[in-house]
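Residue-level structure breakdown
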Amino acid sequence: MSISIRQVSKTFGAFRALDGVNLEVPSGGLTALLGPSGSGKTTLLRIVAGLESVDEGTSGEILFDGQPVTDNPVNRRQVGFVFQHYALFRHMTVFENVAFGLRVKPRAQRPSQAEIRERVQELLRLVQLEQLAQRFPSQLSGGQRQRIALARALAIQPRVLLLDEPFGALDAQVRAELRRWLRHLHDTIHVTSIFVTHDQEEALEVADRVVVMNRGRIEQVGEPNEVFQNPATEFVMKFLGDVNVFHGRLHNAEPVFTGEPAAGDAVRLLVRPHDLTVQMQPGDGVSLQARVYRVLLAGSLVKIELTSQGRVVQVHVPHETYRATPVVAGQEVYLVPKVSRLYGAEAEAIEYVI
Amino acid sequence: MNRLKFKQNSVLPGFGLSLGFTVFYLSLIVLVPLSALILRSAEGGLEGFWRTVSQPRVLASFRVTFASALQAALLNVVFGVTVAWFLVRGRFPLKRLVDALVDLPFAMPTAVSGIALTALLAPNSALGLALARLGVQVAFTPHGITVAMIFIGLPFVIRSVQPALADLSAELEEAASSLGATRAQTLWRVVLPLLAPSILSGFTLAFARALGEYGSVVFIAGNMPMRTEIASLLIITKLEQFDYTGATAIAVALLALSLLGILAINLIQARAARHWGN
Amino acid sequence: MKRGKGRNRKGWLANAALCAAALTVIGALVVLPLGVILAEAFSGGWRLWAASVAEPEARGAILLTLAVTALAVPLNTVFGVAAAWALAKFRFRGRSLLLTLVDLPFAVSPVIAGLIFVLVFGRSGWFGGWLAERGLKVIFGTPGIVLATLFVTFPFVARELIPLMSEQGSEEEQAALSLGASGWKTFFKVTLPNIKWGLLYGIILCNARAMGEFGAVSVVSGHIRGETLTLPLHVEVLYNEYNFTAAFACASLLAGLAVVTIILKTVVELKGARDAA
């Protein structure tokens, strides 16, 4: 089931949560909506589910396989929604939670008791929690609750599966485990899925497609590799990983990063820590003077902390590279970017900090 | 659409039905009858209103009602804080039972409390005789009114203070002691300011309840005009004489005075909250 | 924790003083009145007690009280649930005004609560003439008693449910809807089980007040023997006739109701706390 989002806007009081969003979600994929809090990602997910409506008087539409569903209320949209805090029914056992969607079907479509039991068992097997059928939600761990919430959503054979911050409330270890498990589950059941996250690593690792959102708009859509290697905007570049920012000015169409103030438009050079090399001599192109502050050798990469233009700069190099050109604290060096991006005045200022 | 502005949209159904029924039923049972009180009191005009409420007997009833309610609420602060302290901090095997008993004055029909307190304190009862020997008469005097009002107000203070006291972390008091405060200083400068809002709201509830109380007071009061006649009783007396205008005027005055009293206490509370920063 | 012997002894003394003070307050103000009721009620032996409770006027008063309660409690329960649904699950203009209005009857003294119905339905009230022409009696009749009882017990269920439902939020309801449940199914299968202890608590308090209300009912009843006397009014009449033993016998029934109420209340509180944990 493909999902089309057309011209969707949403305002809460004076706050514009979504601003004319258009998005095509292909059938069968696992798509991540990625953005900082307040970027509108959860609102968009809830609008797809029918838990929020688009602003009245706008032409915003949601289509499933080309059929508009905008006017279908949530209980007739047949979407599986997994809530951030699970929203399990606290007065029902795990079994009854999963069976709920089947039991509330109109009498004519309702499966028999035996069918319900079989279907619930099957789902519990799928999420590997068969042995917990008679427990209550309060007796489960966070990760188990999350999997029950997922089984419950799948019970109604949803046309699309929507997950709101599915790993948000879990601790780091369970999170990583559940991430792999969700990817694996998706590869087994192939239902079109969208999940919301503010964690770029999670989005890049789990999804086939990443939609980066900021301030109610979509900044970029693409495969994880593509958005990471080829960020469309300064925001995407900063949001998808650690970045060093160097401030300079354009002088004869060349960026200049020397300390003295020069005439010309202000520019920012963005370089990821692993895209900088440390040299004793300036290179041919852009070279930035820096002073080594600290070297951290523990870890899979050598982390070198330097200061340049009065700011902290991070450089990550492999151990063998470091062994070839070792540096010590206090040493004056040059930084040469291998891959970098330059942004001028037109790129909007971003509050996101490295 | 207008509706969107009126209500933030939500997917949950039943807003129109539940709100419609709520407003309809509220109007039927509460708002329309209460508006009758306001409208009927306006019929007599301001002059008629003033003539009624400035009668010495009416003024005396207000004085008796307010003075007793104030006394009772103040004493209830002492009793209520003591019992709440016991329920939270005390060690006693049957604490659960005592905790449940606290609600009895609230659950007891007021007429039953009234005759029980009267029987307990009547001049010919054992307790009444003992008190008489000390030169105190409680039943059929203003003291009796205060006792009845203490009885019905006690749970309000206890139930306001108890949760606030339970929330009070022992660490705060330990911190105060570790900084060199004596036990008295800790109580006065740390514990009391933190409990003050809940004490004051318990006081307000007990006071408001006492002002309007009828059933538990009317038996023990003796109901002597000018001395032990409370405002609520005077309303009934006027009604029995079919003096609707008089009854309405007293009712409006009582309602207005008690609202003013509660408002004043709330203002004190707001100021105290600012002063203590919580 | 290890404490010095002196400290321990001081703590023991403080605790003993605290217990003594609190038990004196509760003993004098709560236990003693309860004891007096029982002592007076059974002062003529239990046969006399039984006779006082079973005589026709007492039976009539009990039946009237039960009938009034059977009307008032369900009506206010339905109202309380509807009001809590509207006020706890939705945000709309005028919400805080409505919250205040729901609590309003608690700020009105019982006698005034009775008075307002006299002003509307009494002989010279708004609808007095209209009712008299048709031979209908609201004031000095059962309908007036029911109305006054509805007024004084109005907020009990609503005020119990509104904070509870606000705190629970509406995520579970949203989940139920997303699984295809209709509005009513969502309410009966998800909301109601979650609020059942709070609802029961409100109903218990509402019931106790409905059965025991005195001031408001006293104003509208007219004290017609065998006709408009509820049990608390019957107690008053007996007491004023110096028929103390019978008065206390009937009062002991109401005191029993109060005791049952606080027992049920305690049980429901415990159950609710266990479910919330």
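A few words on the overall build of chain C. A count of helices and strands for chain C gives 13 helices and zero strands. The C-alpha radius of gyration of chain C comes to 24 Å, more than 25% above the 19 Å expected for a compact globule of 277 residues. Across its three principal directions, the C-alpha atoms of chain C cover 70 × 60 × 30 Å. Residues counted as buried form 52% of the 277 residues belonging to chain C.

The next point concerns the domain arrangement of chain C. Residues and elements named next belong to chain C. In terms of domains, chain C is made up of domain 1 (1-41) and domain 2 (45-276). One C-alpha centre belongs to domain 1, the other to domain 2; they are set 34 Å apart. Listed per partner, the contact involves five residues of domain 1 and eight residues of domain 2. Each partner contributes to the roughly 540 Å² buried at the junction of domain 1 and domain 2, and carbon and sulfur atoms together form 81% of this total. The interface formed by domain 1 and domain 2 contains zero salt bridges. Remark: the boundary between domain 1 and domain 2 carries zero residue pairs in polar contact (both at pLDDT 80 or more). Broken down by class, the residue content of the side of domain 1 that touches domain 2 amounts to four nonpolar, no polar and one charged.

This part takes up the interface of chain B and chain C. At the junction of the two partners, chain B supplies 78 residues and chain C supplies 89 residues. Carbon and sulfur atoms supply 82% of the area buried between chain B and chain C, which totals about 7,200 Å² over both sides. It is L12, Y25 and I115 of chain B that lose the most area in chain B upon contact with chain C, and together they represent 9% of the buried surface on that side. In this structure, the connection of chain B to chain C is made through one salt bridge.

Once that is clear, we can look at the pattern of salt bridges. All names here are of chain A. On inspection of all chains with the given rule, the structure shows 34 salt bridges over all chains. Salt-bridge contacts for R183 lead to D208; the nearest nitrogen and oxygen are separated by 2.6 Å. With a gap of 25 residues between them, R183 in helix α5 (residues 172-189) and D208 in the loop between α6 (200-206) and β9 (209-214) connect regions that are remote in the sequence. The structure contains a network of salt bridges with shared partners spanning R175, R179, D199, E202 and E205.

Right, let's talk about the sheet that holds strand β3 (residues 30-34) of chain A for a bit. All names here are of chain A. Pairing within the open sheet is mixed, and its six strands lie in the order β6-β7-β8-β3-β9-β10. Each edge of the open sheet is held by one strand with a lone partner, namely β6 (79-82) and β10 (217-222). Neighbouring strand axes in the sheet, compared pairwise and without regard to direction, differ in orientation by 15° on average. In this structure, β3 lies alongside strand β8 (residues 193-197), joined through five bridges in parallel fashion. Of the residues in β8, the one forming a bridge with T31 is I194. Helix α1 (residues 41-49) contacts β3, β6, β7 (160-164), β8 and β9 of the sheet and is inclined by roughly 150° relative to β7.

Further remarks concern the sheet that holds strand β14 (residues 276-279) of chain A. Residue and element names in this part refer to chain A. Reading across the sheet, the five strands line up as β14-β18-β15-β16-β17 and stay open at both edges, with antiparallel pairing between neighbours. Each end of this open sheet is capped by a strand with a single partner; those strands are β14 and β17 (311-317). If you compare each strand with its neighbour and ignore which way they point, the axes differ by 45° on average. Across four bridges, strand β15 (residues 288-296) lies against strand β18 (residues 332-337) in antiparallel orientation.

Bringing the side chain of S170 of chain C into the picture now. Relative to the helices and strands, S170 of chain C is located in the loop between α8 (156-168) and α9 (171-178). S170 of chain C gets classed as buried once you look at its relative accessible area, which sits at 19%. Non-local contacts of S170 of chain C, meaning those with residues more than four positions away in its chain, are made with L12 of chain B together with K89 of chain C.

Residues and elements named next belong to chain B. Secondary-structure assignment places T204 in helix α11 (residues 183-212). Take T204: its relative accessible area is 8%, and that puts it in the buried class. Here the side chain of T204 touches L200 through a polar contact of 2.7 Å, landing on its backbone oxygen. Setting aside residues up to four positions removed in sequence, T204 forms contacts with I262 and I265.

All names here are of chain A. Orientation of helix α2 (residues 94-103) relative to helix α3 (residues 113-126), taken along the N-to-C sense of each, is 125°, at an axis distance of 10 Å. Judged by the angle between their axes, α2 and α3 are oblique. Crossing angle aside, the handedness with which α2 passes α3 is right-handed. Of the residues in α3, those in contact with V94, F95, V98, A99, L102 and R103 of α2 are Q113, I116, R117, R119, V120, Q121, L123 and L124. In terms of residue class, the contact of α2 with α3 is made up of nine nonpolar, two polar and three charged.

All right, on to unusual backbone geometry then. Residues and elements named next belong to chain A. Even without being glycine, Q78 reaches a positive phi, approximately 55°. Its location among the elements puts Q78 in the loop between β5 (67-68) and β6. In this model, Q128 sits at a positive phi of 60°, which is unusual for a non-glycine residue.

Residue and element names in this part refer to chain A. Judged from the four bridges that link them, strand β1 (residues 3-12) and strand β4 (residues 61-64) form a sheet pairing that is antiparallel. Within β4, the residue paired with I5 across the bridge is I62. As defined by bridge partners, β4 adjoins β5 across two bridges and the pair is classed as antiparallel. Residue pairing across strands places F64 opposite Q67, the latter belonging to β5. The turn linking β4 back onto β5 is made up of two residues, and D65 within it adopts a positive phi angle of 50°.

For the rest of this paragraph, the subject is the packing of α8 of chain C against helix α10 (residues 183-212) of chain C. All names here are of chain C. Remark: α8 packs on α10, axes separated minimally by 8 Å, with the N-to-C direction vectors making an angle of 160°. With respect to each other, α8 and α10 are oriented roughly antiparallel. α8 and α10 meet at a crossing whose hand is right-handed. Between α8 and α10, the residues in contact are F156, V157, E160, L161, L164, M165 and Q168 and T191, N194, I195, G198, L199, Y201, G202, I203, L205, C206 and R209, respectively. Across the contact of α8 with α10, the residue classes tally to 11 nonpolar, five polar and two charged.

Along the chain, the position of Q7 of chain A falls in strand β1. Ignoring sequence-local partners within four residues, the contact set of Q7 of chain A consists of G20, V21, N22, S59 and G60 of chain A.

Cut-offs and rules
The numbering scheme is per chain: residues are counted from 1 as the chain's sequence reads. Chains and ligands are labelled sequentially in the order written, the chains with letters from A and the ligands with numbers from 1. With the structure being a predicted model, the display of local features is reserved for residues of pLDDT at least 70 and the display and counting of side-chain atom pairs for 80 or more, all residues being used for whole-chain, interface and lining totals. Heavy atoms from the whole structure form the basis of all side-chain values; hydrogens and water molecules are not counted. Helix numbering and strand numbering both begin at the N terminus, where a helix is a DSSP run of H or I of at least 4 residues and a strand a DSSP run of E of at least 2. Only C-alpha atoms enter the radius of gyration; for comparison, a globular chain is expected to reach 2.2 Å times N to the power 0.38, where N is the number of residues. Burial here depends on accessible area, computed with a 1.4 Å probe over protein chains only, as a share of the maximum for the residue type. Under 20% is buried, over 50% is exposed, and the range in between is partly exposed. Here the bounds of each domain stem from an automatic or database domain assignment. Note on contacts: a residue pair is in contact if any heavy atoms of the two residues lie within 4.5 Å. What gets called buried area is simply the loss in accessible area from a 1.4 Å probe that two parts show on being joined, summed for both. Throughout this description, the term salt bridge denotes a Lys or Arg side-chain nitrogen within 4 Å of a carboxyl oxygen of Asp or Glu. Whenever two N or O atoms come within 3.5 Å, that pair is a polar contact, provided that in protein one can donate a hydrogen and the other can accept it, and provided that, for residues adjacent in sequence, both atoms are side-chain atoms. Following the grouping adopted for this structure description, the nonpolar residues are Ala, Val, Leu, Ile, Met, Phe, Trp, Tyr, Cys and Pro, the charged ones are Asp, Glu, Lys and Arg, and the polar ones are all others, Gly among them. Here, a strand pair is defined by DSSP locating no fewer than two bridges between the strands. Between N-to-C directions, angles span 0 to 180 degrees; the directions come from axes that are lines fitted to C-alpha atoms, helices contributing only their stretch in contact. Throughout, the term roughly parallel applies to angles under 35 degrees, roughly antiparallel to angles over 145, roughly perpendicular to angles from 65 to 115, and oblique to all others. In a left-handed crossing the near helix is turned counterclockwise from the far helix by less than a right angle, and in a right-handed crossing that turn is clockwise.

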